[in-house]
Amino acid sequence: MNYMPGTASLIEDIDTNLVLHQTVERIHVGKKFGDIPRGIFVVRGENVVLLGEVDLDKECDQILQRVSIEEILEEQRTEQQAKQESERLKLQAVKERGLSIPKADTLDDF
C-alpha cells in the first residue's frame, strides 16, 4: 500500500472525482521512508476507497529516517526478494512433505 500525501481538490460530479496536487509517493521499509515526487493525479471517484486528513503534528512524532529515492527503492527490492525467497522455501518444505498448496487462481469462486 502506498501513502500519497498531497493537496486534494474535489471535482463535483456524480462520482466525486479527485485532483491531487503536489503529490508524492511515500514508500516505507522498516524504519526508513523515501518520497518520490509524482505531481498531479486525477483519481476517478469510483476508485476512491478512503480519503483522510493527515495530522502533521502526529506525523512528526514518528521515528522514521528519510533516505534517498534510490536507497528506499533498493531497500524495497531487497525486502520483496527476501519475502519471495521465504515463500519459495515454505512451498519447497510443503512439497517435501507430500502436500501441495493450490494456487489462488485455481480455486473455485463460492
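Residues numbered from 1 in each chain as written. Predicted model: local features only at pLDDT ≥ 70, side-chain atom pairs only at ≥ 80, totals over all residues. Heavy atoms only, no water.

The name that an unreviewed UniProt entry assigns to the protein is U6 snRNA-associated Sm-like protein LSm1, with the source organism given as Anabarilius grahami.

Engineer: Can you lay out the environment of K32 for me, pointing to particular residues and giving the numbers?
Structural biologist: If you trace the backbone, K32 turns up in strand β3 (residues 32-43). Judged by its relative accessible area of 21%, K32 falls in the partly exposed class. Once the C-alpha coordinates of K32 and E71 are considered, the two residues, 39 residues apart in sequence, prove to be 9.5 Å apart. Excluding its chain neighbours within four sequence positions, the residues that come into contact with K32 are I27, Q65, V67, E71, I72 and E75. Here E75 takes part through its side chain, which lies 3.2 Å from a polar atom of the side chain of K32. (Helix = DSSP H or I, 4+ residues; strand = E, 2+ residues; numbered from the N terminus. Buried < 20%, exposed > 50% of the residue type's maximum accessible area, 1.4 Å probe, protein only. Contact = heavy atoms within 4.5 Å. Polar contact = N/O pair within 3.5 Å; in protein donor to acceptor, adjacent residues only side chain to side chain.)

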